[in-house]
Structure formats: C-alpha cells, structure tokens
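Residue-level structural notes
These are the residues of each chain, in order.
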Amino acid sequence: MSGENAPVPDSQSAFGDRFEVVTSQPLAEFSTYGGDAYTVNDKEKSGGEYYALVHNPTVPVRNEIYKSLTGKPIANLVCPVDRGLMNLVFDGRKRQRLVTIFSRPSGGALMDNSGNLNPRITASHLRQNVTLSVLKSITSLHKRGFVHRSIMPTNIYFASPNSDEVVLGECYSMPPGYMQPFAMEALPLALADPTSRGAGDASADYFQMGAALQALYFGEQLWNGRDRGSTLMARVNQGSFWALSGGREVPGALGALIRGVMADEVDERWGAEEVLDWFEGVGKPKRTTMRTWAMSRPTTFKGVAVVDRRLLADAFARDPKEAAAFLKSIDFSSWVQLSFRDEVLSERLENMINVKPDSGFGGVRADDYKMVARVCMFLHPHGPVNYKGYSFYLDGLSSMIAEAFSRDDREAISAIVEVMDIKFLQTLNDICDPHSKVIDQQIPYLRKFIEHASSKQLGRGMERVLYEMNSILPCLSQRFSNVWIGSIIQLMRALERIAIIGATRNILLDRHLAAFCATHGTDLEREFNALATAQHNPSKFNSLSMDFFGILQKRCNMEPLPHLTGKLVDGLSSAVKELKNKKRRERVQGLLEKGKKGGDITKLTSEVNMVRAQVEDAREFAQARTLIARLERERTKLSRKISPSDPDAQLKGMKGARLVAFVSGLLISFLTFF
Amino acid sequence: MAKKNKAPLVRKRRQRQEVSAFGPLFFTGLAAVGFISWQVAVLVAFGLVPTIVLAFTGKGSNKSLRLQCVTFANLSGVIAFIPQVWSRPSQLEAIMTDPINLVMMWGSASIGYMLIYVGPIVATHILQGMAQDKIKQIAQQRQTLVEAWGPDVLGDKEQEPAPNHIRLKKS
C-alpha cells in the first residue's frame, strides 16, 4: 500500500485569492481548540476588520451555527463572515486548510491567556456592559436554537479600543463545551470528559456567564491551578459559586446575579427572565439551596468516606476496576437499603443494575465495566455515562470519537464500540428513566450508527460512525494530512494529484477513505461489500476499485482524471496479464490503453467490464481445460495398439464378415434363380 | 485363536446365454419347405449340417454373428443345387452322394469360417487407420486451444507423474 500524501493544489481558490492570511502574525487571543487565529487582509474590500481562523481538521465545527450567523449575524457576538479552503505555508510546508474569516473585535480580550485583566474593566463595567452584552448575544443564540458553551473571560472582547461595548467570542469552531475548564462548566456537564460534554442547554450558558463574571470580578483565572478531584469536592459540598471564589463574597447586585446564574441546581439557576429582572432592579434576591444528593450513611471507597451520590459515582467512574472489586465484595441490595433509606430498590431495578457478587475467579471481566456503569447511572441519573474510565454524554460522542481518532486512541474507540450496544444503552435508560430523559432522547439517534460501530467491514466500523456523526469533518486519512477533503469531488481531485506523484494502488483499503466515501456517497454499500470480499484478491480488487471510482466520477459529473485513470489502468495490468485468453487479453489491453488517455473512468468501465471479463475468462478457461482433458483421454485411448482379438475389432470384423456372406449369398441366389 | 479363513462372498453372476432364434427359424423354414417338397427340405438339411453343428456346439462371444455368417455362406453353397432337386426330385440321392457337391455345400461353410477369421483382422487395420486420423484431429484441436489459452490450459505439469527411472521406490 502506497503511503503517498496528497499534494496541495497548485492554484489558490477564489476565497484564497480574496483573503491573505498572514501566518507570521498569529492572534493568540482568538485561537481556540478548533483552530489558530491569524491576521488577515481582504484584498477586495478594505475597511472591515477581520481575523482568520485556520481550522484544525480533527475538531468538528458547528456548521449549523455558521449557516445561521453568516445569513443573519448576531450583535455582540463574533460572527463568521466567510469561509473556504486556502493554501497556507506553515513552517515552510504548504498545506490546504479550511479558513473562516470572522469580524474582529479590536478592543482586546477582557482577560488575556496569561490571566491579566484588561485595565478598562471595572465592577460597574461588568455590571452594566459586560453582563448586558453577553446576555444579548446568548439569548439571541438561544432563540435560534443554539447554545454557546464557550463563554470564558478570555473569549469576551471589547468591540473597539475606545468603546465600552463588549462582544462575545465565536462558538462555531468547536463542539459545545469542548475542552472547557472543569470549573467553568455547569455541574452535571462538567463531570463528563472535556471532549464529550454534549450540547447541554441554555442554563449551562448562564452558568458559564456567571463563572466568567466571577473570574473577571476577582481578576483571576479561577479555573487554573486546581485539580479536578478537589474542585469537584468543593463544588459539591459548598456549591460552585463558593468553590470557585474560594470563599470570597461578591458584594452587591453583581454578587446576587453571579450567585443566581451559578446555582448548581438547574431548576434554581437564573435564566434570561431573572437576569432582565435583575437589570431592572425588580428581581428579588433568590436564595439558592443545595438539593440533597447525600446518602443516609457514608460509603468508604478507596479509603475515602463519601456521602454524596455524585461524588461516589464519579469516584467509581475514575477507577472502574476498584469499583468493580468493591461492588462485588458487598451485598448490593443491603448496601442500597442502608445507604439510600428514602429510596426503594425494586426487584426490577436491582435486576437491571445486576451487581454480581465475586465469583472468586479474580480479575475484572468485560461485563464488570458495564456493571460499574449501571451503578454510576443509578447513583447519578443526571450524570454522564461512565464506562472504562471514560465519562461522556451520548450527544457528546461525536466530538469524543473525533478526538479519539485524532490521537489514534484505539482504547477509547474500542470502549465506545462496547458502549454502542443497544441493550446496554436501553438498560442505562431504564435505570435513569424516572429522573432523566437524556439517554432516551439519544437512543433513536444512535441506533443508526450502532449497526456500523462493531463492523470490521470496509466502509463501516467506527470510522463510518465518525463521519456519519460529524458530516462536516474532513477525511482524516494520513494520505490527506496536507489537504482538506470535505467532499467526494475534493477527494477525487486529491487522488488525481496523488496519482501524479505516486501510486494509488489499494487506496480503497484505507479505512478512513472508505468510510468517508460510504458516508458522503449514497448507495455505495453494494460496492463496498464487493470490495471487502475481494480484499485478498488483488486483481479483482483493482478491477472493482476502477468500477468504484467510475461510479464516483459519474455521480459527481467530474472532469477527466487522466492520472488517476492511468494509475488505475496500471493497477489492472496484473489482472489483464492473468486473463488466459490471448484474444481477450489483447482486446482488453487495447481498450484500456485507449481509455487511459481520455481520463474518463466511467467510459472506460463501461467499455471494459473487467470484472465480467475476468469471470467469463475463468469460466471459459475451465471449460477449455475440461475439453483438453477429454481430448487427452480420447487420444490416450486411440493411441493404444488395436489387435484382432479386441472385442471392438472382433465385433466390427464379424459384422463385416456377416455382410460379405449375406451379399455373396444374395448374389449366388440371383445367379441361380434368374 | 485360529482364524477362520472365510472365502470372500462373491456373488456369481450367471453368464447370460446368447439367445439365438436360429433353431426355431431353421426348423420352421425347413418344415415349410418340406411341406412343398420334402426332397428340397432334405437337401437343405443335409447341406446345412456344418451350420447345424455350429448352432449346437458354438460357444463364446459373438456366437450369433458367427452363426449368421456361417449360415449365409453355407446357404450360398446349398442354393445352387435346389433348382436341380426341385425340377428332378429323383436326383436327390445322386446329388447328395456326389463328393464334389458335398465339397461345394460344406466347403461354402468353411468360407464362412474363413470370413469370421479374416473379418476382425481387416477391421483392426481399418480401425487403426481411423484412430490415426482422429488423433491428428485431436492434436489440431489441442493446438488451437493451447494457442488461444496458453500452455496453462494443459494443466499443472508438476502434477504429471515423473518418469519411471526417477520415481522413488516405495518401501
């Protein structure tokens, strides 16, 4: 298999001709996990202030937000203006990347990445301008059905150096909540891994707004330098507001606002209405309570006495092996009765959780991880799914899979495959059903991916799930590390460029490429099934590859691809040589050579049906061999010496003799009587 | 324990006798002729003695063919005398006792025997010639196939048995 990387196209796109990204001038304040920001010059229109975000191919963008915001921008939000593919040079290496142009706020971030507060920030600023601007932007987003989930002090900017107007940074370049600090996420969402927190809801934005205001008020990066375990403990025990502030009060109206929006219970958290009331001064200070998640008696796990169910679920999730051993060592139903006196553990629920006592064989079985996941779901029904040390919301699986593939983390991918089991998900849903509908809502969506997940077949498997879930994601094949492949047409053109510099043999065996084609091309299942069965038959595989590319070229109405055609024809040389029939071989070779120059794979495959030719050739060859064998047998039979004593010779000789005797008898009779 | 040698159970198939219609036909024909002229019937019965002997003593394969051949040859020798006996029945005895006539009648049967002997030899030569022609045709067909499909069509050469002198002896 060739490992040639697709070269970057020679010419710049129209988008690339219009915008000039100055890669030597990075803008760290606008960079996100989804891409790096750079200064950009618009060659066509002057006057607008923009920055360019060069996207990271492994982080899926929120395409629906792009479509919505480019059509109708939201005030007080950094909105995308345009996007396109562009050839850029990084470290002397040319690459093709997706670049999005954003309107650029020029007043600087309210807090820079080092934690320095913008000197223009004051408490009154926070109270009047920042809160109102952020509120405007997120409510506008919520009205359109989106959430921001990247509200950080470093992602809020002054619109201009002289203006007090504040704008919220963009939220399109990465999934919701992607890689946000643990402290800056609302509690149930924060428990999930940073790559898989899911969309959340509007209240999560309000929490982030409160956390950002708190950080700006104290002028500190409140999320920095805290370990997850102690922060979680503090947040659960004291509430997020106090945990983040470290026990410091925010006095006055601003404090009331921050406490209101940072309430850990979603029911108690302030929304747009309460914040507006607060602006108008009519809102009554709302005391936030802490819903009890406490168990009746503490459970000692790994030497720590835990009282809160969420903490225990999280502790189990962090160390599933220990958790499995612990659960197997206790009498689960008695433990539940003693620890959760207010709850009745029905027999049905106990059967669903299905905690099996230690069978004495030791070690953690595959099913034990599922058992821990079920218990975690029982302990914290609003929390994420916890499996094999990974915590995720099901709607955050898409970004989690993308991140796992970007690191080629096979362990995480296999864990996701194991989770994508409809029976297991249904059990988790049944366990959390009375309290949360999150899993129930996701199961129908996941069902269509589950059939692909565990498949080893070409064009399926987790690669297929990756592209099905993240339809905007480019093809992550190593061959395309220099280019951005977002569609079948771009893929075919990239293959044409690969064909110029090297071989394209067996390219369809690349699982990423196959899955990408299967996702973006419709009704290709049959072709992939055929390719999968021919994997170990190179000549048939090459023939089917040519048919496959012919179909793609036809469907996309593409221009001739002479180099790719040439390579495909070269790949068929062994198949042609394997044709036994001389006339057929010469005819096929002639047609291939003729079609090679044209670059029209579709036409070539219609003229030369290589697969059929191979089948016909094999069948006729078998017939010819049978005929040869028969002729050989006959020749051997005829070659032996015939003697007069042979039964055949005897029979035929005597029949001849009888005929002679009869004729002579007739002759004599004739002569005698007439 | 003494082993009891059991003879293999071979079901003996009774050799099917070649059924000949010669006897019934002969005697029916003879009776019909005898009804018209008993002298002619006697002449025919006397003249066909070699055939009758063969009919009752003949064994082996192709018995029927041999009998037919001898019968036709024998009849050729007898037919020549039938008009004489038919027109002059009194000469029956003279004809039957004349040694030359006897040689003619019974000798014709020996010509039948001779034909039986020569027939297979001639047939052998003819069949051999035909086989040679057929072999030429087969070689042509084979050559055509090899030209169209290449030497692979002849099969795996390695699977062909090695010549006797290099074949490993079985221990």
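A quick note: this is a predicted structure, and the numbers were derived from the prediction, not measured.

Another point: the overall build of chain B. Looking only at helices and strands, chain B features 7 helices and 0 strands. Mapped from its N terminus to its C terminus, chain B presents α and β elements in the order α-α-α-α-α-α-α. Per-residue burial over chain B gives 23% buried out of 171 residues. Restricting the contact set of chain B to residue pairs at least 6 apart, pairs at least 24 apart contribute 69%.

Right, let's get into the interface of chain A and chain B. Opposite the 36 residues of chain A that make contact, chain B presents 37 residues. For the side of chain A that touches chain B, the secondary structure elements donating two or more residues are α26 (582-598), α28 (610-639) and α29 (647-673) of chain A. Across the side of chain A that touches chain B, the residue classes break down as 16 nonpolar, 10 polar and 10 charged.

What follows deals with the domain arrangement of chain A. Residue and element names in this part refer to chain A. The assigned domain composition of chain A is domain 1 (15-103), domain 2 (123-280), domain 3 (294-454) and domain 4 (478-619). Counting from both sides, the interface comprises 22 residues of domain 1 and, opposite them, 19 residues of domain 2. If you list the elements that add at least two residues to the side of domain 1 that touches domain 2, you get β3 (50-55), α2 (63-71) and β5 (93-103). Tallying contributions element by element places α2 first for the side of domain 1 that touches domain 2, with 4 residues. Residue classes in the side of domain 1 that touches domain 2 are distributed as 14 nonpolar, 7 polar and 1 charged.

Another point: the environment of S296 of chain A. For S296 of chain A, the position within the fold is in strand β8 (residues 294-301). When neighbours within four sequence positions are excluded, S296 of chain A is seen to be in contact with L338, S339, F340 and R341 of chain A.

With that settled, the discussion passes to the sheet that holds strand β4 (residues 80-90) of chain A. Residue and element names in this part refer to chain A. Judged by pairing direction, the sheet is antiparallel, and its 5 strands sit side by side in the order β1-β2-β3-β5-β4 without closing on themselves. One side of each edge strand has no neighbouring strand; the edge strands of this open sheet are β1 (19-26) and β4. Ignoring strand direction, the axes of neighbouring strands in this sheet form an average angle of 40°. Judged from the 5 bridges that link them, β1 and strand β2 (residues 35-42) form a sheet pairing that is antiparallel. Within β2, the position partnered with F19 by the bridge is D42.

Our focus in this paragraph is helix α18 (residues 438-453) of chain A. Every α-helical turn comprises 3.6 residues, leaving residues that sit three or four positions apart pointing alike. Residues and elements named next belong to chain A. Helix length check: α18 (16 residues) gives 21 Å between terminal C-alpha atoms against 22 Å at 1.5 Å per residue, within 8%. L446 marks the point of greatest bend in α18, at about 45°. All buried positions along α18 are accounted for by V438, I439, H452 and A453. Tucked into the core, α18 has its buried residues touching α16 (410-419), α17 (422-432) and α19 (461-469).

This next bit is on the packing of helix α5 (residues 202-218) of chain A against helix α8 (residues 252-261) of chain A. All names here are of chain A. At a closest axis distance of 8 Å, the pairing of α5 and α8 adopts a crossing angle of 140°. Compared by their axis directions, α5 and α8 come out oblique. α5 and α8 meet at a crossing whose hand is left-handed. From α5, Y206, F207, M209, G210, L213, Q214 and Y217 reach across to α8, where they touch L254, I258 and V261. Grouping the amino acids of the contact of α5 with α8 by side-chain chemistry returns 8 nonpolar, 2 polar and no charged.

The next subject is the packing of helix α3 (residues 49-57) of chain B against helix α4 (residues 63-79) of chain B. All names here are of chain B. In contact at an axis separation of 9 Å, α3 and α4 are set at 170° when each is read in the N-to-C sense. Viewed along their axes, α3 and α4 adopt a mutual orientation that is roughly antiparallel. Together, P50, T51, L54 and A55 of α3 and L67, V70, T71 and N74 of α4 make up the contact between the two elements.

Here we take up the pairing of β3 of chain A. All names here are of chain A. Of all 6 residues in β3, 5 are buried, a share of seventy percent or more. Where β2 meets β3, 5 bridges bridge the pair, whose relative direction is antiparallel. Bridged to T39 within β3 is Y51. Sheet topology places β3 next to β5; 5 bridges connect them, and they run antiparallel. Across the sheet, V54 pairs through a bridge with V99, a residue of β5.

What counts, and where the lines are drawn
Residues numbered from 1 in each chain as written. Chains lettered and ligands numbered in written order. Predicted model: local features only at pLDDT ≥ 70, side-chain atom pairs only at ≥ 80, totals over all residues. Helix = DSSP H or I, 4+ residues; strand = E, 2+ residues; numbered from the N terminus. Buried ≥ 20, exposed ≤ 12 C-beta atoms within 10 Å, placed from the backbone. Contact = placed C-beta atoms within 7 Å. Nonpolar A, V, L, I, M, F, W, Y, C, P; charged D, E, K, R; others polar. Domains from an automatic or database assignment. Pairing = 2+ DSSP bridges. Axes fitted to C-alpha atoms, helices over the stretch in contact; angles between N-to-C directions. Expected span 1.5 Å × (residues − 1). Bend = angle between axes of the 7 residues up to and from the residue. Parallel < 35°, antiparallel > 145°, perpendicular 65-115°, else oblique. Left-handed = near helix turned anticlockwise from the far one by under 90°.

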